[in-house]
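Residue strings, one per chain:
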Amino acid sequence: MRSIKQSQAAFKRASQLMPGGVNSPVRAFKNVGGDPLFIQKGKKEYITDVDKNTYIDYVLSWGPLILGHADDYVVKQLQAAAERGTSYGAPTELETQLAEMIQKIVPSMEMMRMVSSGTEATMSAIRLARGYTHRDKIVKFIGNYHGHSDSLLVDAGSGMATFGINTSPGVPDEFALDTYTVPYNDVAAIKALFAQHGREIACVIVEPVAGNMGVIPGTPEFLKTLRQLTTENDALLIFDEVMSGFRAGYHGVQGLTKITPDLTTLGKVIGGGLPVGAFGGRRDIMEEITPEGQIYHAGTLSGNPLAMTAGISTISQLNPELYVEMEKKVARLTAGIKQAANQHHVPVTVHHVGTMWSYFFNPGPVNNFDDVQRSDVAFFARFFRQLLDQGIYTAPSQYETNFLSSKHTDADIDRTIDAFNAAFDAVVDHE
Ligand code: KE4
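Residues numbered from 1 in each chain as written. Predicted model: local features only at pLDDT ≥ 70, side-chain atom pairs only at ≥ 80, totals over all residues. Heavy atoms only, no water.

## Remarks on helix α14 (residues 377-389)
And then number 1: Between its first and last C-alpha atoms α14 spans 18 Å; for 13 residues at 1.5 Å apiece the expected length is 18 Å, and the two agree.
And then number 2: Looking only at α14, the buried set comprises Phe 379, Phe 380, Ala 381, Phe 383, Phe 384, Leu 387 and Leu 388.
And then number 3: Looking at the buried side of α14, the elements it contacts are β3 (54-57), β14 (356-360), β15 (392-393) and α15 (410-428).
And then number 4: Regarding α14, its N-cap is Asp 376, as a side-chain oxygen of that residue lies 3.3 Å from the backbone nitrogen of Ala 378 further along.
And then number 5: Two residues or fewer past α14, Gly 391 is found with a positive phi of approximately 85 degrees. (Helix = DSSP H or I, 4+ residues; strand = E, 2+ residues; numbered from the N terminus. Expected span 1.5 Å × (residues − 1). Buried < 20%, exposed > 50% of the residue type's maximum accessible area, 1.4 Å probe, protein only. Contact = heavy atoms within 4.5 Å. Polar contact = N/O pair within 3.5 Å; in protein donor to acceptor, adjacent residues only side chain to side chain.)

Given below as structure tokens:
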């Protein structure tokens with residue numbers, strides 16, 4: 001067992017001042033047992049904890065670090081930017097530069113606004129959809145997580161699913177009543193909802209590839225139906241690509257499916273590890289945002305120069321060829337996981353889209369939240385801790401996604417597959 005004494009001391013100290021000793025619940029390892037590791041540094045595909053243990057990292061800050069930790073060029077650009085000042089509360093050309101880069105890669109975002117988190121992006125997009133359509137009802141899908149704004153904390157995934165909470169205390173009933181929830185990938189259910197309430201619905205917000213109940217792709221029929229129903233009912237379709245943007249593929253899920261949403265939300269990768277989100281889409285809709293229009297949006301650090309610099313220097317290093325290389329590694333890794341599970345007679349379902357991957361201890365199929373619920377989360381917890389002990393850092397919850405960076409090597413993939421085999425040996429053969 002690796003010594004984690006320093007992490008345990010740090011966790012004890014942190015727990016005096018922050019609920020659960022963390023600033024975001026899933027980091028607390030509650031779902032997998034044991035104390036969380038306190039990280040001291042990261043470089044490329046590796047992180048090192050305060051006990052000097054090093055791990056191959058597949059969480060990558062929950063998606064942002066597609067170039068791995070402390071990418072040389074990103075760091076150099078940030079150092080220079082910091083010397084010019086950290087924030088002005090006034091426009092800079094950096095915001096325009098990042099917006100132009102994003103628009104080239106996600107052309108449906110004819111106009112956009114930068115914010116400081118994915119939560120702000122989706123919260124603002126919902127307000128915009130309601131203001132633009134003059135309707136209050138919104139639709140989301142069970143197991144999708146869109147950040148922690150009140151209207152969206154209903155039947156959400158990620159930390160909500162991890163802790164079995166389907167609507168958070170503190171969200172007024174009125175908010176929840178304006179949010180319809182439908183099972184993910186359920187074409188009949190969404191058709192029935194629109195047949196009854198279509199003209200009341202301001203928007204449908206969807207993770208077009210779900211990443212907050214593990215990875216579950218939206219089926220082509222499901223996504224096409226959402227596009228058709230929203231168009232027919234003058235409702236807006238919002239693709240929440242905070243996670244899948246620059247992760248499901250270079251052009252996100254809308255690039256893979258050629259389905260164009262009215263609005264898109266982004267985050268994570270576009271900030272390169274610094275706090276950034278964005279919402280954007282059709283010009284006629286975005287022009288309703290203050291000060292052009294009446295629908296309010298604002299933010300002290302929106303478009304922050306350091307965050308823009310991190311985003312620009314990250315995206316400038318991305319290209320379709322890099323995704324081909326990363327996707328080959330993800331395919332090899334997930335095939336290795338499946339083979340290891342089969343050799344140990346453990347039922348497993350493995351999903352991957354682009355640089356996103358996850359495994360369910362579940363015979364499958366896994367197409368929605370109810371399916372995920374049938375996974376063996378107790379086995380997952382034991383397995384996670386075995387991987388950790390072998391220096392493989394994966395998402396500490398069945399309801400999360402693992403990622404890959406451009407710095408992960410073939411040797412890392414080999415070592416990770418070996419670790420999965422060893423973890424099965426340890427967990428299965430000692431049950
Ligand atoms: P943030 O507010 O956490 O930046 O973004 C919210 C959000 C919105 N939409 C999607 C599709 C997301 O995946 C997220 C955040 N993702 C989680 C990972 N499951 C963040 C990790 C955490 O909450 O600590």
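## Section: the packing of helix α2 (residues 72-83) against helix α11 (residues 305-315)
Each pair of packed helices can be summarised by the angle the axes make with each other and by the distance between the axes.
And then number 1: Interaxial distance between α2 and α11 falls to 9 Å at its minimum, and their mutual angle equals 150 degrees. Relative to α11, the element α2 is oriented roughly antiparallel. Judged by the twist between their axes, the crossing of α2 over α11 is right-handed. Between α2 and α11, the contacting residues are Tyr 73, Val 74, Gln 77, Leu 78, Ala 81 and Ala 82 on the first element and Leu 306, Thr 309, Ala 310, Ser 313 and Thr 314 on the second.
And then number 2: Among the residues forming the contact of α2 with α11, the class breakdown is seven nonpolar, four polar and no charged. (Axes fitted to C-alpha atoms, helices over the stretch in contact; angles between N-to-C directions. Parallel < 35°, antiparallel > 145°, perpendicular 65-115°, else oblique. Left-handed = near helix turned anticlockwise from the far one by under 90°. Nonpolar A, V, L, I, M, F, W, Y, C, P; charged D, E, K, R; others polar.)

## Description of the UniProt feature "modified residue: N6-(pyridoxal phosphate)lysine" (unreviewed entry) in the protein
And then number 1: Here the UniProt-annotated "modified residue: N6-(pyridoxal phosphate)lysine" (unreviewed entry) positions come out as Lys 268.
And then number 2: Mapped onto the elements of the fold, Lys 268 is located in the loop between β11 (263-267) and β12 (277-281).
And then number 3: The residues contacting Lys 268, other than those within four sequence positions of it, are Trp 62, Gly 63, Pro 64, Val 242, Met 243, Gly 273 and Val 276. (UniProt positions renumbered as here; feature names shortened; annotations may be inferred.)

## A few points about the environment of Leu 98
And then number 1: Along the chain, Leu 98 turns up in helix α3 (residues 93-105).
And then number 2: Between the C-alpha atoms of Leu 98 and Ser 313, which are 215 residues apart in sequence, the distance is 9.4 Å.
And then number 3: Not counting chain neighbours up to four residues away, the residues in contact with Leu 98 comprise Met 114, Ile 270, Met 308, Gly 311, Ile 312 and Ile 315.

## Quick notes on the domain arrangement of the protein
And then number 1: Examined at the domain level, the protein breaks down into domain 1 (5-70 + 319-430) and domain 2 (72-315).
And then number 2: Taken over C-alpha atoms, the centre of domain 1 sits 25 Å from the centre of domain 2.
And then number 3: With 37 residues of domain 1 at the interface, the matching set in domain 2 holds 35 residues.
And then number 4: Of the roughly 2,800 Å² buried between domain 1 and domain 2 on both sides combined, carbon and sulfur atoms contribute 66%.
And then number 5: The largest contributions to the domain 1 side of the interface with domain 2 come from Val 353, Met 356 and Phe 369, which together make up 20% of the buried area.
And then number 6: Counting the contacts that link domain 1 with domain 2 gives one salt bridge.
And then number 7: Counting every contact that joins domain 1 to domain 2 gives twelve residue pairs in polar contact (both at pLDDT 80 or more). (Domains from an automatic or database assignment. Buried area = accessible area lost by both parts, 1.4 Å probe. Salt bridge = Lys/Arg side-chain N within 4 Å of Asp/Glu carboxyl O.)

## Quick look at the side chain of Asn 31
And then number 1: Within the fold, Asn 31 resides in the loop between α1 (5-15) and β1 (39-43).
And then number 2: Contacts of Asn 31, omitting those with residues within four sequence positions, involve Thr 162, Ala 381, Pro 396, Ser 397 and Gln 398.

## Some thoughts on the environment of Val 26
And then number 1: Along the chain, the position of Val 26 falls in the loop between α1 and β1.
And then number 2: Residue classification places Val 26 among the buried positions, given a relative accessible area of 8%.
And then number 3: In sequence terms Val 26 and Met 160 are 134 residues apart; their C-alpha atoms lie 9.1 Å from each other.
And then number 4: Excluding anything up to four places from it in sequence, Val 26 contacts Trp 62, Phe 163, Pro 396, Ser 397 and Glu 400.

## Structural notes on the site of the ligand
And then number 1: In the vicinity of the ligand, 17 residues are found, and the nearest of them are Ser 24, Thr 119, Asn 212, Asp 240 and Glu 400.
And then number 2: Asn 212 places a polar side-chain atom, nitrogen or oxygen, 2.4 Å from a nitrogen atom of the ligand.
And then number 3: Split into classes, the residues belonging to the shell around the ligand amount to five nonpolar, eight polar and four charged.
And then number 4: Taken domain by domain, the shell around the ligand gets at least three of its residues from each of domain 1 (5-70 + 319-430) and domain 2 (72-315). (Near = heavy atom within 4 Å.)

## Quick word on the nonpolar core
And then number 1: Residues Ile 102, Phe 246, Tyr 359, Phe 361 and Phe 383 are the most contacted members of the largest nonpolar core, which totals 69 residues.
And then number 2: Here this core spans two domains, since at least three of its residues come from each of domain 1 (5-70 + 319-430) and domain 2 (72-315).
And then number 3: Dropping the residues within four chain positions of it, Phe 361 is found in contact with Val 346, Pro 347, Val 348, Ser 375, Asp 376, Phe 379, Phe 380, Phe 383, Gln 398 and Phe 424.
And then number 4: Grouped together as the second largest cluster of nonpolar side chains are 39 residues, Val 139, Phe 239, Ala 248 and Val 353 included. (Core = buried A, V, L, I, M, F, W, Y, C linked by side-chain atoms within 4.5 Å.)

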